[in-house]
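Analysis of the macromolecular model
Residue-level listing of the chains:
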Amino acid sequence: QCFLTWYENVKETIEHNLKLRKALFKWTNQGLSHAFETWRYEHEMAKREQYMFEKVVRIWTNKTIWQAFNTWLSNVEDGLEAKGKIEKVLYRWTHQSASHAFETWKAVVEETIRQQAVTDKVVRIWRNKAIYSCWNAWVAATEKKAFFKLAAQKWLSASTSS
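Quick summary incoming for the structure in this document. This structure is a prediction, so every number in the text was calculated from the model and none was measured.

Regarding the overall build of the protein
Per the secondary structure count, the protein includes three helices and zero strands. Secondary structure of the protein in N-to-C order comes out as α-α-α. Rg of the C-alpha trace for the protein: 47 Å, well past the compact-globule value of 15 Å for 162 residues, more than 25% over. Over its C-alpha atoms, taken along the principal directions, the protein stretches across nearly 110 × 105 × 20 Å. Looking at the 162 residues of the protein, the share that counts as buried comes to 0%. When the accessible area of the protein is evaluated, it comes to approximately 15,600 Å², of which 66% is carbon and sulfur surface. Of the side chains in the protein, 25 bear a positive and 17 a negative charge, and the two mean positions are spaced by 11 Å.

So this is what it looks like as structure tokens:
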């Protein structure tokens, strides 16, 4: 019986070790596979960057085409900028009355907002003064009640003690 128990334990240990080795082998292969895929991706990116760099160098080596393109691009940008300025001036000339009306309206609105803020501030001050005066009246009334109560207690205690 002892031998059978020992045999079963050894057999389970061997099976457990085999399972652990399989898992370790699987994890190792996954790690290697991931490392290889990473290397392959980086290698492809390096090849692509090399190709793009060579393409740019080929384009730049032909300087006359590059310089002509830059001159053309600069002229186009200057023309677009001038066109925009001319359109802006023409728009202002044709819409000057609308612009003047808008500026007047804007000034009126700003003044109305400013006057509303001043009015709100004055109303807030008046309201705070009203609340403060009500508070003071309540405090005074409470103090009078406390004074009369204390005086009544003194009078009662004096009249009962004599």
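A closer look at the pattern of salt bridges
Within the structure shown, the criterion is met by four salt bridges. Salt-bridge contacts for K47 lead to E44; the nearest nitrogen and oxygen are separated by 3.9 Å. Within this pair, K47 and its partner E44 are both found in helix α1 (residues 2-61), separated by three residues, close to a single helical turn. By relative accessible area, K47 is classed as partly exposed at 47%. Its relative accessible area of 41% is what places E44 among the partly exposed residues. Note that R114 is salt-bridged to E111, the shortest N-O span being 2.7 Å. Here R114 pairs with E111, and both are found in helix α3 (residues 96-161), just three residues apart, close to one helical turn. Residue class for R114 comes out partly exposed when judged on its relative accessible area of 46%.

Quick word on the environment of R21
Summarising the element assignment, R21 is placed in helix α1. Considering only alpha carbons, one finds R21 and K154, 133 residues apart in sequence, at a separation of 99 Å.

Digging into a nonpolar patch on the surface
A contiguous nonpolar patch, built from V56, I59, W60, W66, F69, W72, L73, V76 and L80 and spanning about 860 Å² of accessible area, is present on the exposed surface. If you list the elements that add at least two residues to the nonpolar patch, you get α1 and α2 (63-94). Top element by residues in the nonpolar patch is α2. It accounts for six residues. The residue W60 is located in helix α1 in this model.

Calculation notes
Within any chain, residue numbers begin from 1 and follow the written order of that chain's sequence. Where local features are concerned, this predicted model is filtered to residues with pLDDT of at least 70; where side-chain atom pairs are given and counted, the filter is 80 or more; whole-chain, interface and lining totals use all residues. Remark: hydrogens and water are excluded; side-chain values derive from all non-hydrogen atoms of the structure. By the criteria applied, helices consist of DSSP H or I runs no shorter than four residues and strands consist of E runs no shorter than two, each listed in order from the N terminus. We take the radius of gyration over the C-alpha atoms and set the globule estimate at 2.2 Å times the residue count to the 0.38 power. Each residue is assigned to one of three classes by its accessible area relative to the maximum for its type, calculated with a 1.4 Å probe on protein chains only: buried under 20%, partly exposed between the two thresholds, exposed over 50%. Accessible surface area values rest on a Shrake-Rupley calculation with a 1.4 Å probe, where residue burial reflects the displayed protein chains alone. His is not counted here, nor are the chain ends, while Lys and Arg score as positive and Asp and Glu score as negative. Charged side chains are reduced to one point each, which is NZ for Lys, CZ for Arg, CG for Asp and CD for Glu. When a carboxyl oxygen of Asp or Glu lies within 4 Å of a side-chain nitrogen of Lys or Arg, that pair is called a salt bridge. Excluding any residue in a salt bridge, patches collect residues exceeding 30% relative accessible area, merging like charges within 9 Å and nonpolar Val, Leu, Ile, Met, Phe, Trp and Tyr side chains within 5 Å.

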